[in-house]
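# Inside the fold
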Amino acid sequence: MTGVPLSQSELFHLIARAQAAYTRCVDDERAQSWPDFFTESCLYVVTTADNYAAGFEAGLMYADSRGMLEDRISALNEANIYEQQSYRHLLGQPDIRNVSDDGIDVETSFMVVRIMRNGGTSVFASGRYIDRYVVEQGRALLAKRIVVCDSKTIDTLLALPL
Amino acid sequence: MNIRNDIAPPTEWPEGQLSRVPYWTFQREDVYAREQARIYQGKTWNYLCLEVEIAEPGDYVATHIGDTPVIVTRAEDGEIYAFENRCAHRGALLALDDRGKAKDFTCVYHAWTYSLQGDLTGIAFKDGIGGKGGMPDNFCMAKHGPMKLRVTTLYGLVFGSFSNEVPAIEEYLGDEVLACVERVLKGRKLEVIGRFTQQLPNNWKLYFENVKDSYHASILHLFFTTFEINRLSQKGAIIVSEDGGNHVSYSAIDPDAERDEDYAKEKIRSESDYRLADPSLLDNFEEFGDGVTLQILSVFPGFVLQQIQNCIAVRQIIPQSVEQTELNWTYLGFTDDTPEQRRIRLKQSNLVGPAGYVSMEDGCVGGFVQRGIAGVPEHSSIMEMGGHDAQSSESRVTEASIRGFWKAYRREMDV
């Protein structure tokens, strides 16, 4: 599934680049092309460390197709009401845990600050991405991203994806 | 220019009875303190946890009733107990985790030990060392312990009360509201499928008003309306319990009403041609056999049972300060769910919670009110939709259930 065998170093850079582009998309482009970072039949779940440890499946966001991700963005653009806000993601180095025919399993820590329209800037979330990437036509795409937030609490609301 | 005198703000309720609520009720420390004493520690039933969360002897959950930390346990005798999460000695917390399994609770500070029933059973160095020191001989452990709560269960829900006067939960809810709890939970084995906490930047009452506000749902939440999950023109009704504090709002799909002109006429922004790329989000299965797609049920002062299609959840409202409230969501499935049914529930969980398509606005709108009313404690909100009383109603274009809340609130607060 990863196509032409890549060296460890190539793999690392491929994933690092994909993650940098992902955070740029969410933080600086209001996540408009965020679904493009996923495969068609992806799984995207935002949950908490407690839920993840307990094996609870429900998420704050739960999408099992790229279409559902597109709907998230449409809803943010067209339907949902929230005060103007943006994120700034800071990511740790991707930790490549396993490479197999099914894909590349990666864990990456993140911290997200949220900037509100009144200028308030606060740590909104920290946690880790538990990812499975596949390489399609030279691009690393997310087949799965479980966003495991460290804290059980979300302040006010979660609008933009993490 | 209106310059307010430097005097205590008003305590009188304005004219208009239930259809006016003065903003000082959302702003004052003394009101908050009175609520703790008269409502949370008063004649109310407060949701604590699910029975399934304390299924085995030794299982416990640590939660709050208002400000007060409490522990709920299943003891060796198989019964459920609840008591304050506070050592009788110097007041330290006994349980330091939200949930877990324990044989007893030993305070970390000086090792005073309590049984799963909340009885003080041991004091470190009670008899001193080498005959010196220790507690007086006449100190009676049986007379000292955290306050124990009354506990009751209802179809898998556990409620607690500090009051010996509050009537049985069935009577407290009233027959009609009770029937709606039964409708969702009776005879079914619950399973937790997720827990989330939302920090609300507003007074607890603003959230509870929001829960009881059937008028706003299809106006603030565009997602609801566009997909005919909820329209005020659908079949439905409001039930307000006789004492005012509890309510149910429900609706059922009514195909005849789907082309209702009222929304277009009012120029409410809910009219749009927004469509889902993946409509599997709205897949559902008939779970109750009555066509009711939405039932929001609230119990005074801070419990919500929600059925939105197949998305079942309970919400626990915990005030933390005048302007901060914790909202605990527990998403539910049932042990006999098929994999397909469970998948539908997981997808529908997108509708609710802090990121919910039809609930995220509720996380911020209370804050909009809290900030909007700053500086005008003497002003009041207007709630005359559907009249002035707090009666059940076939129309959901009403604020009757909010007025019901204030009826119960004023009675318990004596304001």
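Per an unreviewed UniProt entry, chain B is named Terephthalate 1,2-dioxygenase, and its organism is Salinisphaera orenii YIM 95161. In UniProt, chain B has this text filed under Cofactor (unreviewed entry): "Fe cation".

As recorded in an unreviewed UniProt entry, chain A goes by the name Terephthalate 1,2-dioxygenase, listed as coming from Salinisphaera orenii YIM 95161. Word for word, the UniProt comment on chain A under Sequence similarities (unreviewed entry) is "Belongs to the bacterial ring-hydroxylating dioxygenase beta subunit family."

## Quick notes on the interface of chain A and chain B
Each partner contributes to the interface: chain A provides 36 residues, whereas chain B provides 38 residues. When chain A packs against chain B, the two sides together hide about 3,200 Å² of surface, and 54% of this comes from carbon and sulfur. At the boundary of chain A with chain B, the tally comes to 4 salt bridges. Inspection of the region where chain A meets chain B yields 23 residue pairs in polar contact (both at pLDDT 80 or more). For the side of chain A that touches chain B, the secondary-structure elements that each account for two or more residues are strand S1 (38-48), strand S2 (61-63), helix H3 (66-79) and strand S8 (153-155) of chain A. The leading source of residues in the side of chain A that touches chain B is H3 of chain A, at 10 residues. Split into classes, the residues belonging to the side of chain A that touches chain B amount to 16 nonpolar, 10 polar and 10 charged. Of the strand pairs in this sheet, S8 of chain A and strand S12 (residues 190-200) of chain B are connected by 3 bridges, and their pairing is parallel.

## Considering the UniProt feature "domain: Rieske" (unreviewed entry) in chain B
Those residues carrying the UniProt feature "domain: Rieske" (unreviewed entry) are residues 46-160 of chain B in this numbering. The annotated region residues 46-160 of chain B carries 0% helix and 37% strand content, and the separation between its end C-alpha atoms amounts to 5 Å.

## Some details on the sheet that holds strand S16 (residues 303-308) of chain B
The mixed open sheet is built from 8 strands, whose spatial order is S8(A)-S12(B)-S18(B)-S17(B)-S16(B)-S15(B)-S14(B)-S13(B). Looking at strand neighbours, the two that pair on one side only are S8 of chain A together with strand S13 (235-240) of chain B, the edges of this open sheet. In this sheet, adjacent strand axes meet at a mean angle of 15° when their direction is disregarded.

## Thoughts on a negative patch on the surface
All names here are of chain B. Together, Glu76, Asp77, Glu79 and Asp104 give the surface a local cluster of negative charge. Checked against the element boundaries, aspartate 104 lands in the loop between strand S6 (99-101) and strand S7 (105-106). Since its relative accessible area comes to 35%, aspartate 104 is described here as partly exposed.

## A look at the pairing of strand S15 (residues 292-299) of chain B
Residue and element names in this part refer to chain B. Here S15 lies mainly inside the structure; 8 of its 8 residues are buried. Across 6 bridges, strand S14 (residues 247-252) lies against S15 in antiparallel orientation. Opposite tyrosine 250, over in S15, you have glutamine 295 as the bridge partner. Pairing of S15 with S16 involves 6 bridges; the strand directions are antiparallel. By the bridge assignment, glutamine 295 is partnered in S16 with glutamine 307.

## Observations concerning the packing of aromatic side chains
Residue and element names in this part refer to chain B. Going through the model one piece at a time under the given rule, you end up with 28 aromatic pairs over all chains. Taking 5.0 Å as the distance between ring centres and 80° as the angle between the ring planes, the aromatic pair formed by tyrosine 60 and phenylalanine 105 counts as edge-to-face. With tyrosine 60 in strand S3 (residues 59-65) and phenylalanine 105 in strand S7, the pair connects residues that are 45 residues apart, well separated along the chain. The same class applies to tyrosine 60 as to phenylalanine 105, namely buried. Ring centres of phenylalanine 300 and phenylalanine 405 lie 5.8 Å apart, and the angle between their planes is 45°; this geometry places the pair in the tilted category. With phenylalanine 300 in the loop between S15 and S16 and phenylalanine 405 in helix H10 (residues 400-413), this pair connects stretches of sequence that are 105 residues apart. The exposure class assigned to phenylalanine 300 is buried, which follows from its relative accessible area of 3%. A network of ring pairs unites the aromatic residues Trp13, Trp24, Phe26, Tyr40, Trp204, Phe208, Phe300, Phe405, Trp406 and Tyr409 as a single cluster. It is arginine 183 that lies over the ring of phenylalanine 288; its NZ or CZ is 4.4 Å from the centre.

## With respect to the domain arrangement of chain B
Residues and elements named next belong to chain B. Parsing chain B into structural domains produces domain 1 (46-152) and domain 2 (174-413). The interface is formed by 11 residues belonging to domain 1 together with 12 residues belonging to domain 2. Seen at the junction of domain 1 and domain 2, the total is 1 salt bridge. Across the pair glutamate 53 and arginine 195 runs a salt bridge, and its minimum N-O distance is 2.9 Å. Inspection of the region where domain 1 meets domain 2 yields 3 residue pairs in polar contact (both at pLDDT 80 or more). Those elements giving two or more residues to the side of domain 1 that touches domain 2 turn out to be strand S2 (46-50) and S3. Take the side of domain 1 that touches domain 2: its biggest share by element is 4 residues, from S2. Its residues assigned to classes, the side of domain 1 that touches domain 2 shows 4 nonpolar, 4 polar and 3 charged.

## A few points about the environment of arginine 139 of chain A
All names here are of chain A. Of note, arginine 139 is situated in strand S7 (residues 139-149). A relative accessible area of 42% means that arginine 139 is categorised as partly exposed. Discounting chain neighbours no more than four positions away, the residues touching arginine 139 are Asp36, Phe37 and Val134.

So, how was this worked out
Residues numbered from 1 in each chain as written. Chains lettered and ligands numbered in written order. Predicted model: local features only at pLDDT ≥ 70, side-chain atom pairs only at ≥ 80, totals over all residues. Heavy atoms only, no water. UniProt positions renumbered as here; feature names shortened; annotations may be inferred. Contact = heavy atoms within 4.5 Å. Buried area = accessible area lost by both parts, 1.4 Å probe. Salt bridge = Lys/Arg side-chain N within 4 Å of Asp/Glu carboxyl O. Polar contact = N/O pair within 3.5 Å; in protein donor to acceptor, adjacent residues only side chain to side chain. Helix = DSSP H or I, 4+ residues; strand = E, 2+ residues; numbered from the N terminus. Nonpolar A, V, L, I, M, F, W, Y, C, P; charged D, E, K, R; others polar. Pairing = 2+ DSSP bridges. Axes fitted to C-alpha atoms, helices over the stretch in contact; angles between N-to-C directions. Patch = residues over 30% accessible without salt bridge, like charges linked within 9 Å, V, L, I, M, F, W, Y side chains within 5 Å. Areas by Shrake-Rupley, 256 points an atom, 1.4 Å probe, with all protein chains shown as cover. Lys, Arg positive; Asp, Glu negative; His and termini not counted. Charge placed at Lys NZ, Arg CZ, Asp CG, Glu CD. Buried < 20%, exposed > 50% of the residue type's maximum accessible area, 1.4 Å probe, protein only. Phe/Tyr/Trp six-rings, centres within 6.5 Å; stacked < 30°, edge-to-face > 60°. Lys NZ or Arg CZ within 6 Å of the ring centre and 35° of its normal. Domains from an automatic or database assignment.

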